[in-house]
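Residue strings, one per chain:
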Amino acid sequence: MDMWLIGTESGIQVRPISIHGMLWLQTHFEDEHWEALAASQVVLPEEDVSSLSKDAKDAGLSLNHLSAATVQRKF
């Protein structure tokens, strides 16, 4: 697995898992975003993630998509 794409309320969180995933992201984002990418703090709109996913898969990366999930709390 090279990268997780995790659904959130505000978009899709990009979480690099392998060095290959992080290196690939560095070729697609400006230098000032690398630290946030490495810390899994980047959330993108779903429409941007579609093209990003296609490019990553075409480059041979392994991606996993996780839809937004909610956790029920017992009160």
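Definitions and limits used
Residues numbered from 1 in each chain as written. Predicted model: local features only at pLDDT ≥ 70, side-chain atom pairs only at ≥ 80, totals over all residues. Heavy atoms only, no water. Helix = DSSP H or I, 4+ residues; strand = E, 2+ residues; numbered from the N terminus. Buried < 20%, exposed > 50% of the residue type's maximum accessible area, 1.4 Å probe, protein only. Contact = heavy atoms within 4.5 Å. Pairing = 2+ DSSP bridges. Axes fitted to C-alpha atoms, helices over the stretch in contact; angles between N-to-C directions. Core = buried A, V, L, I, M, F, W, Y, C linked by side-chain atoms within 4.5 Å. Salt bridge = Lys/Arg side-chain N within 4 Å of Asp/Glu carboxyl O.

Colleague: For this particular structure, what's the right way to read the overall build of the protein?
Modeller: Broken down by element type, the protein carries three helices and four strands. Each helix (α) and strand (β) of the protein, taken in turn from the N terminus, gives the series β-β-α-α-β-α-β. Based on the C-alpha atoms only, the size of the protein along its principal axes is roughly 45 × 25 × 20 Å. Burial analysis of the protein (75 residues in total) assigns 35% to the buried set. The contacts of the protein with a sequence gap of at least 6 include a subset with a gap of at least 24, amounting to 52%.

Colleague: Sorry if this is basic, but what is going on with the environment of proline 45 here?
Modeller: Counting through the fold element by element, proline 45 comes out in the loop between β3 (42–44) and α3 (46–58). Separated by 14 residues in sequence, proline 45 and aspartate 31 have C-alpha atoms that sit 20 Å apart.

Colleague: Help me out: how do you make sense of the side chain of serine 40 in this one?
Modeller: Relative to the assigned elements, serine 40 resides in the loop between α2 (34–38) and β3. Those residues in contact with serine 40 that sit more than four places away from it in its chain are Gln13, Val14, Arg15 and Pro16.

Colleague: Honestly, the sheet that holds strand β1 (residues 3–8) in this entry has me stumped. Any pointers?
Modeller: Within a beta sheet, neighbouring strands are joined by backbone hydrogen bonds and run either parallel or antiparallel to one another. Read from one edge of the open sheet, four strands run β3-β2-β1-β4, paired in mixed fashion. Since the sheet does not close on itself, it has two edges, and those belong to β3 and β4 (63–66), each with one partner. Taking each pair of neighbouring strands and ignoring which way they run, the sheet shows an average axis angle of 25°. Direction of pairing for strand β2 (residues 11–16) relative to β3: antiparallel, over a ladder of three bridges.

Colleague: In this structure, what is going on with the nonpolar core? I would like to understand it.
Modeller: If you look at soluble globular proteins, the nonpolar side chains tend to sit buried side by side. Among the nonpolar cores identified, the biggest contains 16 residues, and Met3, Leu5, Val14, Trp24, Leu25, Leu37 and Leu44 are the most heavily contacted of them. Of all the elements in the fold, those that place two or more residues in this core are β1, β2, α1 (19–26), β3 and α3. Setting aside anything within four residues of it in sequence, one finds leucine 37 in contact with Val14, Pro16, Met22, Leu25, Phe29 and Val42.

Colleague: What am I meant to see in the pattern of salt bridges here?
Modeller: Side-chain pairs of opposite charge can arise whenever the charged atoms involved come near each other. The full count for this structure, using the stated rule, is one salt bridge. The salt bridge involving lysine 54 is made with aspartate 58; its shortest N-O contact spans 2.8 Å. With a gap of four residues between them, lysine 54 and aspartate 58 both fall in helix α3, about one helical turn apart. The class of lysine 54 is exposed, set by a relative accessible area of 51%.

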